[in-house]
Amino acid sequence: MRTCKNCGIDCIGSDHTCPICGAQLGQPGNTPYAYPVYRIKKHIAKKILLILSLSAILIMAFINYFSWEKASHAWAVEISIGILLIWMICSLWISHRPSIGAKLFTSSVILLVIITYIDVLMDFKGWSTSYVIPTASCALTITLTILTMAGRRNYSRFFSYMTISVLICLLSPLLYVFSLAKIKWLCMLPLLCAVICFLSLAIIRKRDMKRELGKRFRL
């Protein structure tokens, strides 16, 4: 009995190549015969989520169309946009390809878009720009800073997302300047948070930070 190094299955016979993948078989072993285990990667959860999202959008469009005489407002389009954005977040976390930094950063940006979109639909009271965006910007920057400090292997990738999150922190002061936000100190807080996080990285991971800055800005 020989074992395939590629498939990990045991093959009976005198063949020197695996009948499944064609790789060279290992030395004969004393392990009992085992059938190959086929692992078919199926993103069932992602497909089910997509079906449910599309079904909800079609049902709302159906109701909105036949109730147009009573309420002539395209509310189905507004809710459908929110459902699609939520589906993007869920499918992102179900997927195995993006790193935790990419998932965290992308989902946070999408959530901020959803919250701002809801505020706009409610005649824009300013609660999203005055409270949610500054608080979320601080939380995202602090979280990515911790991941950047802890993840030496993925330092370069985390540092990139953290740099972009620092730029997002500049959004809150701009919103206050253009009178889209009301609370001054809360809008300036993300800028202070970004400065503290960058100083922390510069002190704790000085060499890594200097190397990454040198790559990006040729310092």
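Overview of the structure. (Residues numbered from 1 in each chain as written. Predicted model: local features only at pLDDT ≥ 70, side-chain atom pairs only at ≥ 80, totals over all residues. Heavy atoms only, no water.)

1. Some points on the overall build of the protein chain
The helix and strand inventory of the protein chain stands at eight helices and three strands. Secondary structure of the protein chain in N-to-C order comes out as β-β-β-α-α-α-α-α-α-α-α. Each of the 219 residues in the protein chain was classed as buried or not, and the buried ones make up 32%. Long-range pairs, those at least 24 residues apart, make up 53% of the contacts in the protein chain between residues at least 6 apart in sequence. Summed over all atoms, the accessible surface of the protein chain reaches about 14,700 Å², with 68% contributed by carbon and sulfur. (Helix = DSSP H or I, 4+ residues; strand = E, 2+ residues; numbered from the N terminus. Buried < 20%, exposed > 50% of the residue type's maximum accessible area, 1.4 Å probe, protein only. Contact = heavy atoms within 4.5 Å. Areas by Shrake-Rupley, 256 points an atom, 1.4 Å probe, with all protein chains shown as cover.)

2. Considerations on the side chain of S172
Structurally, S172 can be placed in helix α6 (residues 171-177). Accessibility expressed as a relative area gives 0% for S172, which makes it buried. Residues contacting S172, with those up to four places away along its chain left out, are I133, P134, S137, C187 and P190.

3. Considering the packing of helix α2 (residues 75-94) against helix α3 (residues 100-121)
Relative orientation of the contacting elements α2 and α3 amounts to 165 degrees, with a least axis distance of 9 Å. By the angle between their directions, the pair α2 and α3 is classed as roughly antiparallel. Here α2 runs over α3; the crossing is left-handed. Mapping the contact onto sequence places V77, E78, I81, G82, L85, I86, M88, I89, L92 and W93 in α2 and I100, A102, K103, L104, T106, S107, I110, L111, V113, I114, Y117 and L121 in α3. (Axes fitted to C-alpha atoms, helices over the stretch in contact; angles between N-to-C directions. Parallel < 35°, antiparallel > 145°, perpendicular 65-115°, else oblique. Left-handed = near helix turned anticlockwise from the far one by under 90°.)

4. Describing the packing of aromatic side chains
In this structure the tally under the stated criterion is two aromatic pairs. Where F62 meets F66, the ring centres are 4.7 Å apart and the plane angle is 55 degrees; that geometry is what we call tilted. Here F62 and its partner F66 are both found in helix α1 (residues 44-66), four residues apart, which amounts to about one turn of the helix. As far as the burial class goes, F62 and F66 line up, both exposed. Ring pairing ties together the aromatic residues F62, Y65 and F66, which thus form one cluster. (Phe/Tyr/Trp six-rings, centres within 6.5 Å; stacked < 30°, edge-to-face > 60°.)

5. Observations regarding the environment of C138
Here C138 lies in helix α4 (residues 127-150). When the C-alpha atoms of C138 and C197 are compared, they prove to be 9.8 Å apart, with 59 residues separating the residues in sequence. Aside from chain neighbours lying at most four places away, what touches C138 is L189, P190 and C193.

6. Observations regarding helix α7 (residues 184-204)
Along its 21 residues, α7 runs 31 Å from first to last C-alpha, staying within 8% of the 30 Å computed at 1.5 Å per residue. Listing the buried residues of α7 in full gives L186, C187, P190, C193, A194, C197 and L201. (Expected span 1.5 Å × (residues − 1).)

7. Description of the side chain of D119
Tracing the backbone through its elements, the reader meets D119 in helix α3. The side chain of D119 is buried and forms no salt bridge, while K125, the nearest opposite charge, is found at 7.8 Å. Only 2.9 Å separates the side chain of D119 from the backbone nitrogen of K125, close enough to count as a polar contact. Aside from chain neighbours lying at most four places away, what touches D119 is F124, K125, G126, W127, S128 and T129. (Lys, Arg positive; Asp, Glu negative; His and termini not counted. Salt bridge = Lys/Arg side-chain N within 4 Å of Asp/Glu carboxyl O. Polar contact = N/O pair within 3.5 Å; in protein donor to acceptor, adjacent residues only side chain to side chain.)

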